[in-house]
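Descriptive structure summary
Listed below are the residues making up each chain.
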Amino acid sequence: MKYQEILNFWFNSETQPFWFAKSDAFDQQLRTRFTDILQQAKQAELYTWRENAAGRLAEIIVLDQFSRNIYRDQATAFAQDAQALTLAQEAIRLGLDQDLTAEQRSFLYMPYMHSESKLIHEEALQLFKVLGNPVNLDFEQKHKVIIDRFGRYPHRNAILGRESTAEENEFLKQPNSGF
């Protein structure tokens, strides 16, 4: 599979409604079409894609987005986060993000939003401010508030086998606490 196939699929108008929505059918579609490529990405076998911004973005989407659908409600959904973040950090350091559209950059920056590091969220806030998309910025600010408060995402605790604090349990009772 070529990285352009990933980008064509992800940025297709038929796929966009499922970007941030839970859909068993869409998850199954990703499992059927992209589990093998996710396995390759997890093994760092897609390194040739990193030669340009588009290829690097495709690898990040596979690791950061596809994994969340393919492994929904499993700890494995988050297992590629550090790898995706490292690729995004390197892309930004190399200035490759500037070769992408704003919509594409939002997905290059998404591993920052998914991080459970306060320091990384400081960087994410700046990236999303410069990006200029108020919706993305609003979501980053909401994510950052949670990380600043708890140092992690409480909605991941059960899946990751982490004990929730009483404060986290109260928070999880609130609407939209788990995105």
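You'll find the structure just up there.
Just so it is clear, the structure is predicted and the values come from calculations on it, not from any experiment. (Residues numbered from 1 in each chain as written. Predicted model: local features only at pLDDT ≥ 70, side-chain atom pairs only at ≥ 80, totals over all residues. Heavy atoms only, no water.)

**A few points about the nonpolar core**
Ranked by size, the top nonpolar core spans 46 residues in total, and within it Ile6, Trp10, Ile61 and Phe66 carry the most contacts. Elements that contribute at least two residues to this core include exactly α1 (3–10), α2 (24–42), α3 (53–70), α4 (81–93), α5 (102–114) and α6 (118–131). At 9 residues, the largest contribution of residues to this core is made by α3. Counting only domains with at least three residues in this core, you end up with domain 1 (1–101) and domain 2 (115–178). Not counting chain neighbours up to four residues away, the residues in contact with Ile61 comprise Ile6, Leu7, Trp10, Phe11, Phe66 and Phe107. The next biggest cluster of nonpolar side chains, apart from the first, holds 5 residues, and it includes Ile146, Ile147, Phe150 and Phe171. (Core = buried A, V, L, I, M, F, W, Y, C linked by side-chain atoms within 4.5 Å. Buried < 20%, exposed > 50% of the residue type's maximum accessible area, 1.4 Å probe, protein only. Helix = DSSP H or I, 4+ residues; strand = E, 2+ residues; numbered from the N terminus. Domains from an automatic or database assignment. Contact = heavy atoms within 4.5 Å.)

**Some details on the environment of Arg31**
As for its position among the elements, Arg31 is in helix α2. On the accessibility criterion, Arg31 (30% relative accessible area) is partly exposed. Each C-alpha atom, one on Arg31 and one on Asn69, is 7.8 Å from the other, the two residues being 38 residues apart in sequence. Among the polar contacts made by the side chain of Arg31, one reaches the main-chain carbonyl oxygen of Ile70 at a distance of 3.1 Å. (Polar contact = N/O pair within 3.5 Å; in protein donor to acceptor, adjacent residues only side chain to side chain.)

**A closer look at the side chain of Asp27**
Its location among the elements puts Asp27 in helix α2. A distance of 2.5 Å separates a polar atom in the side chain of Asp27 from a polar atom in the side chain of Arg72. Apart from residues no more than four positions distant in its own chain, Asp27 is found in contact with Asn69 and Arg72.

**Remarks on the packing of aromatic side chains**
Evaluated as defined, the whole model comprises 16 aromatic pairs. Measuring from centroid to centroid gives 5.6 Å for Trp10 and Phe107, while their planes differ by 90 degrees, and the two rings are edge-to-face. Residue Trp10 is found in helix α1, and its partner Phe107 is found in helix α5; the two are separated by 97 residues along the sequence. Both residues of the pair, Trp10 and Phe107, count as buried. Ring centres of Phe11 and Trp19 lie 5.9 Å apart, and the angle between their planes is 80 degrees; this geometry places the pair in the edge-to-face category. The residues Phe11 and Trp19 share a single accessibility class, namely buried. Ring pairing ties together the aromatic residues Phe9, Trp10, Phe11, Phe18, Trp19, Phe20, Phe26, Phe34, Phe66 and Phe107, which thus form one cluster. (Phe/Tyr/Trp six-rings, centres within 6.5 Å; stacked < 30°, edge-to-face > 60°.)

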